[in-house]
Amino acid sequence: MASEKNNHHRSIPDINGTHPTPKKPKLSSSSNFITASEIQSEFSHHDSAVSRINNGSFGSCPSSILSAQQQWQLKYLRQPDHFYFNHLKPAINNSRSIIQNLVNAKDINEISIVDNATTAAAIVLQHTAWCFREGKFNKGDVVVMLHYAYGAVKKSMEAYVTRAGGKVIEVPLPFPVSSNDEIVTEFRKALEKGKVDGKKIRLAVIDHVTSMPCVVIPVKELIQICREEGVEQVFVDAAHSIGCTDVDMQDIGADFYTSNLHKWFFCPPSIAFLYTKKNPKTGGGGDLHHPVVSHEYGNGLAVESAWIGTRDYSAQLVVPEALEFVNRFEGGIEGIKKRNHEAVIEMGEMLVKAWGTHLGSPKHMCASMVMVGLPTCFGVRSDSDALTLRTHLRDVFGVEVPIYYRPPRDGEVDPVTGYARISYQVYNKVEDYYKFRDAVNQLVDNGFACTLLSK
Amino acid sequence: MAFHDQNNNHTNGEVSKKPKLSFSAITDTEIQSEFSHHDPTVARLNNGAFGCCPSSVLAAQRQWQLKSLRQPDHFYFNHLQKGILHSRTIIKDLVNAQHVNEISIVDNASTATAIVLQQASWAFQEGKFNKGDSVVMLHYAYGSVKKAIEAYVTRAGGRVIEVPLTFPVTSEDDIIREFRHVLEKTKSEGSSNKVRLAVIDHVTSMPSMVIPVKELVKICREEGVDQVFVDAAHAVGCTPRVDMQEIGADFYTSNLHKWFFCPPSVAFIYTRKSVNSVDLHHPVVSHEYGNGLAIESSWIGNRDYSAQLVVPTVMEFVNRFEGGIEGIKERNHDCVVEMGEMLVEAWGTHLGTPHHMSASMVMVGLPPSLGIMNECDAMNLRTHLREFFGVEVPIYFRDGGEVGCVSGYARISYQVYNKVDDYYKFRDAINQLVSDGLTCAFLSS
C-alpha cells in the first residue's frame with residue numbers, strides 16, 4: 001500500500017555525489033502521537049473567531065512547517081548564489097523523491113514540482129495546443145472534460161484547445177448524485193459523441209474530486225473506459241487529492257496527474273506536483289514544457305520546473321517536514337484521511353438533520369468534504385446569491401464556508417438550490433459546525449432570503 | 001539636506017503615497033542593520049543575479065503572509081486585489097506609464113518574456129505573422145530569453161536574427177550601427193520577410209553593458225518593426241531614465257527584486273495602451289482569463305502573492321536615502337566605477353565598458369595569467385573565489401582574444417550595503433592567486 005512508503009524516502013546524492021544522512025521520519029507510536037493541544041498550537045495563527053470549514057479552497061499549514069519554510073528563505077537570502085549552486089536542486093529532488101513514494105510513481109523523473117494545479121493544467125494543455133498546431137492532432141479532434149471541471153481549467157481549455165482548433169466536449173453530470181454509475185453512464189455517452197464523424201478523442205480531462213459541487217469521481221473506472229474506447233491520453237486534475245483521497249499512480253493509471261500539496265498535505269502556499277507517466281508508445285510525458293522558459297529548456301519538465309527564473313522556491317522545499325508532521329498522527333496521512341472523512345460525514349449528517357435537508361452525494365463519493373443542503377427558504381437563485389450568502393455568513397456570523405448554487409431541473413418541486421461545501425481538517429472542532437448550524441437556524445428564524453441581501 | 005522629488009516625471013495628477021520630506025537620511029548603521037541577514041563573511045559583489053531585500057521589507061512581507069494564513073478566504077476576497085492594485089499604481093508612477101492598466105505584475109522577467117513570446121507564437125500560428133517573418137534579438141541577450149525565443153518563435157516557424165555585438169565595447173555608436181544594419185539588411189531581403197518583433201536588452205547580463213534602448217526603439221519605428229519588447233531585467237533601480245514615454249517600447253519588463261529592494265520575486269510588464277489588437281495572456285490560465293493581462297496576472301491560482309504586495313513599503317525604504325532611488329542609482333554608479341578603476345589599476349587590466357555604458361555594474365578585466373580559456377574555467381574560478389576567499393562575483397569568459405590578453409572579466413556590482421572592504425577583499429584574492437601562480441587549468445584538474 002502506498003502509505004507504507006510514506007515512512008521512507010530515498011536520499012538523493014548531493015552535487016558532490018555523496019548521500020546525505022537520510023532523514024527518516026519515524027511513524028509515531030501511541031505514546032507520542034500529537035496531542036489535541038499541540039494541534040491547536042500548530043494552527044494558533046488561524047483566526048480563532050472564525051469557523052474555518054473551507055479547507056478545500058486554500059488549505060492550511062502548521063506553524064512548525066512555516067518555521068521550516070522560513071529557515072529556507074533565510075538561507076537563500078543570506079547567500080543566494082551559494083544557495084542556487086549548492087542547495088536548491090538537491091532540496092527540490094528530495095521533495096520530488098518523497099512525493100514519488102507517496103503517490104507510488106515508478107520513476108522520479110515522472111514527478112515535477114510546480115506552483116499549483118492551475119499551472120499543471122496550463123502545462124498539459126499547452127502541449128495539447130502544440131499538437132493541434134503542429135498537425136499531430138487534426139482540427140476538430142476532441143478533448144473531453146467534466147461539466148463540473150474547475151473554472152480555471154475550463155478557461156485553460158478555451159485558451160489552449162479551442163483556440164488551437166480542438167473541439168471541447170463536456171460530460172454533463174447529475175447533482176445531487178447517488179452512485180458512480182450515474183457518472184459512468186454520462187461519461188460513456190460523451191465519448192460516443194466525441195467519436196462521431198471519425199474524430200479522435202485526443203485527451204480526457206477528469207477531476208478526481210470536483211470542486212463545486214464537490215464529488216469524488218470514480219477516476220479509475222473512467223480511465224479504464226477511456227482505454228477501451230481509444231482515448232489517447234488522460235489527464236487527472238486531482239487538485240484536492242493528496243491528503244484527501246487515495247492517490248496511487250499505478251492503481252489509477254493516468255498519463256498525467258496533478259495535485260496540490262498546500263490544500264490537504266499541510267504545505268505552505270504553494271506547491272503541487274505534476275505526474276507524467278513515462279510511456280514510450282504514445283510519447284506521453286516526453287514533450288511537456290513549463291510555459292516559463294529558462295536556460296533549462298529541453299532538459300525535461302522536472303528540471304525545467306525546478307528553475308523558472310529567480311523566485312522563492314521555499315514552499316517546494318518543506319515536503320520532508322510535511323511528511324514528518326503527518327507522521328505525528330496515528331496512522332500518518334492514511335489515519336488523517338480516514339478520520340477527516342468520518343468526521344465530515346458525521347458533521348454533515350448532523351447539519352442536514354438540524355435543517356431538514358440532505359447531503360448532495362453518498363458517503364462513498366465524499367472524501368474530507370461534503371455538500372450539505374441549505375434550507376430552501378433561503379431562496380438561493382443564482383451564483384451571485386450564493387456568494388452573497390457566503391459573505392453574509394463570514395461578516396455577520398464568523399463562518400467561512402463556500403456556497404454552491406444548484407439550478408433547479410424541470411419538474412422539481414421546492415428543490416434545494418443551495419449547498420454548503422463543508423470540510424474537516426485536523427484543526428477543526430465540533431463547535432465549528434454547531435456555529436454554522438446555529439447561524440443557519442437563526443437566519444431561518446429571521447425569515448432570511450437571499451433577495452434581501454442583494455442590492 | 002536636499003530632497004529630490006520622486007514625482008518629477010508625473011504627467012498626470014494621480015497621487016501615490018507621497019513620502020514626507022525627510023531631513024535625516026538613513027544612517028550607515030541602519031543600512032548595515034537592514035542587511036544584517038547577509039552572510040558577513042562574504043564580499044557580496046553580485047547584486048545583479050539575485051538582488052537583495054532589507055529586513056524591514058522582509059518583515060512587512062511576513063505580515064502579509066500571516067494575514068493570508070490567518071483567514072485566506074477573507075484575504076482573497078477583501079485584501080489581495082486592493083494590495084496588488086496599490087503596488088501597480090506605484091510602479092506606474094515610478095516608470096511614467098500613462099495608465100495603471102498598462103502595468104501587470106508577474107514573477108520575474110522570464111515570465112514576462114514568456115508572455116510576450118507566447119503572443120508572437122500564436123501570431124505565427126494564426127497567420128497574423130507569416131512563416132519566415134523575423135524576430136530580432138541582441139547577441140548578448142539573456143540565456144533564458146534565447147531559449148524562450150527557440151521555444152515560442154522558432155518552433156512556430158519564425159526566423160531569429162541576432163545582432164552581433166562586440167565586447168569590450170567603447171561606444172554606443174557601435175551598437176546602434178550594428179542594429180540598424182541588421183534591420184536594413186532584413187528589409188532588403190524582400191517584403192515577405194518582415195521583422196515582427198525586436199527583443200532589446202536595456203542592460204545585458206553577461207557581459208553587462210547599458211544598451212542605448214531609446215535610439216534602438218526609434219530605429220525600429222523607422223524600419224517598420226511591428227513590436228518592440230525591452231527586456232530590462234535589471235533596469236529599475238539600476239539604470240537612469242526608466243521612463244516608458246521616453247523609451248517608447250511596446251512592451252517593457254523589469255525585475256523589482258534585483259535593484260529595487262523587493263523580496264523574491266516580483267517584476268512588472270508594461271504594455272503600451274496604444275498597441276492595437278495585441279492579445280497578451282498569462283500562460284497560467286485562471287478564471288480571470290480574458291479580463292486583461294493585469295487582472296489575469298493578479299490571480300494565477302493559489303499562491304503566495306506577498307512579494308507583490310510590499311512595493312509601498314519598498315518606496316518608503318528607498319525614500320529614506322538622500323535623493324530616493326535616483327540618489328541611490330547615482331551613488332551606486334559612481335562607486336562601482338570607482339571600485340572598478342581601483343581594481344584594474346591594481347591588476348594592470350582594463351574595464352570592459354566605458355563609464356557611461358555602466359550603471360551599477362561594471363566588467364573588470366582579470367589578469368591573463370589566470371588562464372581563463374572557456375566558460376568552464378570561468379565557473380571554476382567563480383567557485384574557487386567563493387569557497388576559498390569568500391568573494392561572490394560572476395566571471396565572464398570572453399572568446400576570441402589573443403594569447404596573453406584579458407580573457408576573463410568579473411562583473412562587479414555596487415549596492416547600498418557594499419563597503420570598500422568588499423572590493424579590497426576581491427583585489428587581494430586575485431593578487432594572491434596571481435602570485436601563487438594559480439591558473440584555471442590547475443583548478444579543473
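Quantities reported herein were computed from a predicted structural model and do not represent experimental measurements.

Asks: What's the story with the overall build of chain A in this structure? I'm lost.
Replies: Helix and strand counts for chain A stand at 17 helices and 12 strands. Its C-alpha radius of gyration of 23 Å places chain A within 12% of the 23 Å reference for a compact globule of 455 residues. In chain A, buried positions account for 62% of the 455 residues. When the accessible area of chain A is evaluated, it comes to approximately 17100 Å², of which 50% is carbon and sulfur surface. Separation between the mean location of the 48 positive side-chain charges and that of the 50 negative ones in chain A comes to 3 Å.

Asks: Can you walk me through the confidence of the model for chain A in this structure?
Replies: Any region with low pLDDT has predicted coordinates that should not be read closely. Looking at chain A, pLDDT values average 93 and 91% of them are 70 or higher. Taken together, the stretch residues 1–22 of chain A has pLDDT below 50 and engages in 43 contacts with residues farther than four places along the chain or on a different chain.

Asks: Sorry if this is basic, but what is going on with the interface of chain B and chain A here?
Replies: One frequent convention defines the size of an interface as the accessible area lost when the parts assemble. Every contact between the two is made by 60 residues of chain B and, on the other side, 61 residues of chain A. Between chain B and chain A the total buried area reaches about 5600 Å² when both faces are included, carbon and sulfur atoms providing 54% of it. When the buried surface of chain B facing chain A is broken down by residue, B:Phe50, B:Trp122 and B:Arg155 rank first, second and third, together holding 14% of it. Where chain B packs against chain A, one counts nine salt bridges. When the shortest N-O distance is used, the salt bridge between B:Arg155 and A:Glu134 registers 2.8 Å. Linking chain B to chain A there are 29 residue pairs in polar contact (both at pLDDT 80 or more). Every element with two or more residues in the side of chain B that touches chain A is listed here: helix 2 (47–50), helix 3 (55–70), helix 4 (72–95), helix 5 (109–125), helix 6 (143–154) and helix 14 (375–389) of chain B. Among the elements that take part in the side of chain B that touches chain A, helix 5 of chain B stands out by supplying seven residues, more than any other. Tallied by class, residues from the side of chain B that touches chain A come to 23 nonpolar, 21 polar and 16 charged.

Asks: Can you help me understand the domain arrangement of chain B in this one?
Replies: Residues and elements named next belong to chain B. What the domain assignment lists for chain B is domain 1 (63–317) and domain 2 (323–442). The gap between the C-alpha centroids of domain 1 and domain 2 is 29 Å. If you look at the interface, domain 1 gives 24 residues, while domain 2 gives 25 residues. Buried area between domain 1 and domain 2, summed over both chains or domains, comes out near 2100 Å², and the portion from carbon and sulfur atoms is 69%. Its largest share of buried area at the contact with domain 2, domain 1 owes to Phe167, Met206 and Trp259, together 31% of the area lost on that side. Remark: the boundary between domain 1 and domain 2 carries zero salt bridges. Connecting domain 1 to domain 2 are five residue pairs in polar contact (both at pLDDT 80 or more). Taken together, the residues of the side of domain 1 that touches domain 2 sort by class into 15 nonpolar, seven polar and two charged.

Conventions and cut-offs
- Residues numbered from 1 in each chain as written.
- Chains lettered and ligands numbered in written order.
- Predicted model: local features only at pLDDT ≥ 70, side-chain atom pairs only at ≥ 80, totals over all residues.
- Heavy atoms only, no water.
- Helix = DSSP H or I, 4+ residues; strand = E, 2+ residues; numbered from the N terminus.
- Rg over C-alpha atoms; globule rule 2.2 N^0.38 Å.
- Buried < 20%, exposed > 50% of the residue type's maximum accessible area, 1.4 Å probe, protein only.
- Areas by Shrake-Rupley, 256 points an atom, 1.4 Å probe, with all protein chains shown as cover.
- Lys, Arg positive; Asp, Glu negative; His and termini not counted.
- Charge placed at Lys NZ, Arg CZ, Asp CG, Glu CD.
- pLDDT = per-residue confidence, 0-100.
- Contact = heavy atoms within 4.5 Å.
- Buried area = accessible area lost by both parts, 1.4 Å probe.
- Salt bridge = Lys/Arg side-chain N within 4 Å of Asp/Glu carboxyl O.
- Polar contact = N/O pair within 3.5 Å; in protein donor to acceptor, adjacent residues only side chain to side chain.
- Nonpolar A, V, L, I, M, F, W, Y, C, P; charged D, E, K, R; others polar.
- Domains from an automatic or database assignment.

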